[in-house]
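Next come the chains, spelled out residue by residue.
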Amino acid sequence: HPLLGWREVPVRDVLGARTGLPVHVDGHARALADAERLFGRAARGSRSALHLFAGNMVDAAFATHDEVHHGPRSQAGAIAHLPLAGGTEPCACGRSGCLQAELSELTLCRRAREAGVADGTDPARVVDAAAAGHPVAVRLLLERARMTGRAVRLLTDVLNPESVVVTEIGVVHRPDCLAALRAELDEERAATVAPTSFPDSVLAVAGGSVVLDVLYRDPLSVSPELN
Ligand SMILES: [Zn+2]
C-alpha cells in the first residue's frame, strides 16, 4: 500500500493476533464488486462487470459470473500507473498522468485548496462547495469525471464488460459529473455505466462484503469452533 508506505505487511496476521478473530482482507474495488453482486443494483444480472474505485487510492476489479478475479498475489486491478490521455499530474513513480495521480482524491483536494475552493483533504467539501454554486468546484469535479471516463474507456477496451460500476465522489453525487464521464465513451458503452449502489456508505459496505462473501460461500469456515 504505497500511500501508507506499507510493503509486505501481513495485515491479516497482525489484525488476527490483535483481535483474536478471523480476519479477511481485500482491496476496495474487489470488495465493492462483491458488494454489488451481493446487495447492489448497479450490476445486477450482469455476467461480467468492471468496478472502478477512485478514492485516495485508485484500483479496479473485474468479475465474471460470481467470481471476482484476483490473479497471482491478488494483483489484478492494480492500475495505479496506467497512463491517462491528457493527464498532467506528476506521479510518485516519476512519470506524469498516471491514473493514480490524476484520479486520487488527494489530487482533487490539493487542486481545490490551491483554487481557494475548500480547505483540508475531505473531497466531500469540494462536492459541498459545488452544490453551493462554486463554479471552480464544479469545474474541478467535471474535470475529474472526464478523466474517470477516460480510465473507464481504457479498461473497457481491454475487458469488454457487460456493466461498469464507478465509485467516484462527483459521479456518485452529481448527474452532470455522470454525464461528463459518459461523454468520454461511445453511446453503447455509456449506457452500461452506473455509479455505486452505496453512495453514503462505500467503505463500510466494502469491509462488510469481504466478510459476508466468505460467510455465504462457506458458512462453517467462519465458526472454527464448530469444525
Ligand atoms: Zn505513476
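Reading guide: rules and limits
Residues numbered from 1 in each chain as written. Predicted model: local features only at pLDDT ≥ 70, side-chain atom pairs only at ≥ 80, totals over all residues. Heavy atoms only, no water. Axes fitted to C-alpha atoms, helices over the stretch in contact; angles between N-to-C directions. Helix = DSSP H or I, 4+ residues; strand = E, 2+ residues; numbered from the N terminus. Parallel < 35°, antiparallel > 145°, perpendicular 65-115°, else oblique. Left-handed = near helix turned anticlockwise from the far one by under 90°. Contact = heavy atoms within 4.5 Å. Nonpolar A, V, L, I, M, F, W, Y, C, P; charged D, E, K, R; others polar. Buried < 20%, exposed > 50% of the residue type's maximum accessible area, 1.4 Å probe, protein only. Pairing = 2+ DSSP bridges.

A. Spotlight on the packing of helix H5 (residues 123-131) against helix H6 (residues 135-159). Contact geometry for H5 and H6: axes closest at 7 Å, N-to-C directions at 125°. It follows that H5 is oblique to H6 by the angle criterion. By crossing handedness, the relation of H5 to H6 is classed as left-handed. Of the residues in H6, those in contact with Val126, Val127, Ala129 and Ala130 of H5 are Ala137, Val138 and Leu141. Split by residue class, the contact of H5 with H6 holds seven nonpolar, no polar and no charged.

B. Fine view of the pairing of strand E1 (residues 48-54). Judged by how many residues are buried, E1 sits mostly within the fold: seven of seven residues are covered. In E1, alternate side chains face the same way, and those of Ser48, Leu50, Leu52 and Ala54 on one face and Ala49, His51 and Phe53 on the other are all buried. Here E1 runs beside strand E2 (residues 58-64); their pairing, made up of seven bridges, is antiparallel. Within E2, the position partnered with alanine 54 by the bridge is valine 58. Counted along the chain from E1 to the antiparallel partner E2, the turn is three residues long. In this sheet, strand E4 (residues 163-167) lies alongside E1 in parallel orientation, the contact comprising five bridges. Looking at the pairing, phenylalanine 53 lines up with threonine 167 of E4.

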